[in-house]
Amino acid sequence: MLKLDEIQRRLIAEVAGLHKVPIGAYNFRANSQLAGRNNTANIEITSKDDGSGIDIHIKDGTQNESVHIPVVLSASGIKETVYNDFYIGENCDVVIVAGCGIDNCGNQDSEHDGVHRFFVGKNSKVKYVEKHYGSGNGAGQRILNPVTEVSMNDGSFMEMEMVQIKGVDSTNRMTTAALKAGAKLIVRERLMTHGAQKAFSTYKITLDGENSGADVVSRGVAKEKSYQKLDLCVIGNAPCNGHTECDSIIMDEGKILAVPSLEANHVDAVLFHEAAIGKIAGDQLIKLMTLGLTEQEAEEQIISGFLK
Amino acid sequence: MLELQDIFFSVEGVEIIRGVNLTVENNKFVVITGPNGGGKSTLARLIMGIEKPTSGKIILDGQDITNADITERAKLGVGFAFQQPVRFKGIEVFDLLKLAAGGKLTFNKACDYLSAVGLCAQDYIKREVNSSLSGGEVKRIEIATILARKTKLSIFDEPEAGIDLWSFKHLIQIFEDMRKNIDGGSIVIISHQERILSIADEIIVLADGQIKNRGAAEKILPEIINTESVIQECEKLKR
Ligand SMILES: Nc1ncnc2c1ncn2[C@@H]1O[C@H](COP(=O)(O)OP(=O)(O)OP(=O)(O)O)[C@@H](O)[C@H]1O
Ligand SMILES: [Mg+2]
């Protein structure tokens with residue numbers, strides 16, 4: 001049974017899209033306590049002995065199963081660091097949904113620093129979805145500093161969807177990945193900051209194996225007085241393909257610093273990056289206004305499309 | 001009914017539109033033609049409210065809309081298909097048609113609009129209106145947004161540009177249908193194509209920011225054919 005109150009249920013709905021208990025394996029964490037867990041025949045979740053987090057073991061050949069590990073904080077003044085390690089066997093095809101929602105109505109800061117490590121077995125396919133969300137109008141900050149470390153074995157495939165659209169005051173995201181032969185990584189990051197929020201996002205992808213490849217696309221919108229720093233780096237150590245893209249919309253008094261970088265250590269490494277920052281194109285606003293939208297409605301449509 | 005009264009428009013001291021007087025009656029299909037740079041698109045942008053005239057008045061159905069903004073004019077029933085359609089990251093064809101239709105649109109209806117412009121709805125409805133669409137595709141979607149809007153005054157800026165020959169025939173069909181079902185509205189098309197000019201109730205020739213000639217298609221077409229403003233129907237198309 002899940003032990004969650006109303007606010008916690010709402011946060012879970014935001015970050016994991018869950019309105020009821022999911023099918024498959026799950027581990028719910030609420031205010032630093034275990035609120036519910038389910039294992040399946042193929043997926044086993046165990047608490048680490050020292051209580052610092054959980055281990056998730058997925059057996060070889062697990063197909064079409066999912067793991068949900070949402071975390072919610074609804075009390076003010078919590079500061080925690082949690083380690084979650086995913087051991088994904090060979091030839092799997094699984095969906096992993098993580099995410100953290102913080103509701104802080106109090107005056108003390110609430111902070112969740114999740115360290116997620118993925119060991120993706122040979123020829124396995126993983127879709128990882130991570131959503132971060134903050135709410136509550138207390139003076140205390142909502143802080144999330146996720147660290148994601150991925151090591152991908154031969155022929156594996158991973159798609160990561162990282163979304164932070166609302167309410168997180170400060171975030172420092174750090175994602176590293178190392179890919180062996182034939183492994184492919186796709187990252188789609190969406191960031192929106194407003195108010196005085198700050199978001200730092202760093203990626204360091206190392207393409208070690210022959211024919212490995214990565215495609216990292218980060219789209220951001222910085223509104224009001226918010227600040228974003230995007231640091232996307234791909235390193236090619238073998239014949240490989242790497243692409244990074246930072247695409248940002250800046251509004252009001254927002255500030256964005258995009259720092260794409262590439263490092264090729266092999267003559268057959270093919271790497272490229274794109275980075276663009278700009279305000280919403282005037283002709284986009286005009287076009288939607290000619291359809292009868294107000295300027296503000298047009299702006300909302302353009303941003304929500306951009307961050308989709 | 002649209003009336004332009006003595007419209008002037010200049011940018012940085014350069015006069016682009018120089019005293020245009022024009023009335024587009026209800027139930028009329030008007031084609032504006034003329035040489036490149038003559039001011040056709042600018043005139044359309046003035047009607048839509050994207051630019052404001054330096055002097056002169058714009059009257060729509062008896063209401064002075066000279067100072068109305070784009071949104072207000074759109075709500076009054078003015079629609080405009082751009083010469084160069086705008087692209088959007090993340091906005092899908094269906095989203096755009098839905099916005100054009102005023103927020104509500106069934107999937108079936110959206111498919112009808114796409115079929116009308118010669119696009120296989122299944123292939124396009126979920127596509128993003130981004131740079132992955134070809135010039136001709138995005139142009140057709142632009143026309144479909146106007147069909148979805150069901151406007152009283154519809155302005156199309158060179159709808160044929162970038163559309164291939166086979167589809168061009170299809171496009172003419174769309175305009176002929178629109179004309180048949182005009183239902184009290186007015187259609188203004190900016191075009192250089194003889195086939196489009198020939199179905200006009202009235203042709204306006206705009207050059208150097210002024211109306212140089214106007215009248216019924218039968219009268220004007222012979223006068224301007226073989227001038228630079230009209231491209232004759234291609235031999236291939238006739239076959
Ligand atoms: N914002 C602007 N600033 C400066 N010049 C402009 C501006 N808008 C239009 N012009 C100029 O005004 C003239 C008319 O342009 P417009 O686009 O209306 O022509 P057009 O008749 O639509 O031509 P085409 O057949 O090539 O589409 C051109 O010489 C153009 O360069
Ligand atoms: Mg033009």
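Preceding this paragraph is the structure being described.
Residues numbered from 1 in each chain as written. Chains lettered and ligands numbered in written order. Predicted model: local features only at pLDDT ≥ 70, side-chain atom pairs only at ≥ 80, totals over all residues. Heavy atoms only, no water.

A. The interface of chain B and chain A, seen in detail. Contact with chain B, which involves 23 residues of that partner, is made by 19 residues of chain A. When chain B packs against chain A, close to 1800 Å² is buried across both sides, 65% of that on carbon and sulfur atoms. Connecting chain B to chain A are four salt bridges. Close ionic contact of Asp 95 of chain B with Lys 308 of chain A constitutes a salt bridge, the shortest N to O distance being 3.1 Å. At the junction of chain B and chain A, the tally comes to seven residue pairs in polar contact (both at pLDDT 80 or more). Listed by contribution, the elements that provide at least two residues to the side of chain B that touches chain A are helix 2 (70-75), strand 6 (78-81), helix 3 (93-100) and helix 6 (135-149) of chain B. Looking at the side of chain B that touches chain A, its residues break down into 13 nonpolar, three polar and seven charged. (Contact = heavy atoms within 4.5 Å. Buried area = accessible area lost by both parts, 1.4 Å probe. Salt bridge = Lys/Arg side-chain N within 4 Å of Asp/Glu carboxyl O. Polar contact = N/O pair within 3.5 Å; in protein donor to acceptor, adjacent residues only side chain to side chain. Helix = DSSP H or I, 4+ residues; strand = E, 2+ residues; numbered from the N terminus. Nonpolar A, V, L, I, M, F, W, Y, C, P; charged D, E, K, R; others polar.)

B. Structural context of the pairing of strand 1 (residues 2-11) of chain B. All names here are of chain B. Note: strand 1 against strand 4 (residues 55-60), five bridges, orientation antiparallel. The residue of strand 4 that forms the bridge with Glu 3 is Ile 59. The sheet contact formed by strand 1 and strand 2 (residues 14-24) spans eight bridges and is antiparallel. Across the sheet, residue Phe 8 finds its bridge partner in strand 2, namely Arg 18. Linking two consecutive strands that pair antiparallel, namely strand 1 and strand 2, is a turn of two residues; a positive phi of about 45° is found at Glu 12 within it. (Pairing = 2+ DSSP bridges.)

C. Representation of the coordination of the magnesium ion (ligand 2) within the structure. All names here are of chain B. Donor atoms from the polypeptide that bind the magnesium ion (ligand 2) are Ser 41 (OG) and Gln 83 (OE1), placed at 2.0 to 2.2 Å. Of this pair, Ser 41 sits in helix 1 (residues 40-48) while Gln 83 sits in the loop between strand 6 and helix 3, and the two are 42 residues apart along the sequence. Judged by relative accessible area, Gln 83 falls into the partly exposed class, the value being 29%. (Donors = N, O, S within 2.8 Å, 3.2 Å for Na, K, Ca; no water. Buried < 20%, exposed > 50% of the residue type's maximum accessible area, 1.4 Å probe, protein only.)

D. Focus on the sheet that holds strand 1 of chain B. All names here are of chain B. One open sheet accounts for four strands, arranged 2-1-4-5; its pairing is antiparallel. Taken across any chain shown, the strands that pair with only one partner, and hence form the sheet edges, are strand 2 and strand 5 (63-64). Pairing between strand 4 and strand 5: two bridges, direction antiparallel. Within the sheet, the bridge partner assigned to Ile 59 lies in strand 5 and is Asp 64. Where helix 1 meets the sheet, its contacts fall on strand 1, strand 2 and strand 4, and the angle it forms with strand 1 comes to roughly 115°. (Axes fitted to C-alpha atoms, helices over the stretch in contact; angles between N-to-C directions.)

The quantities given are spatial measurements derived from coordinates; they are silent on function.
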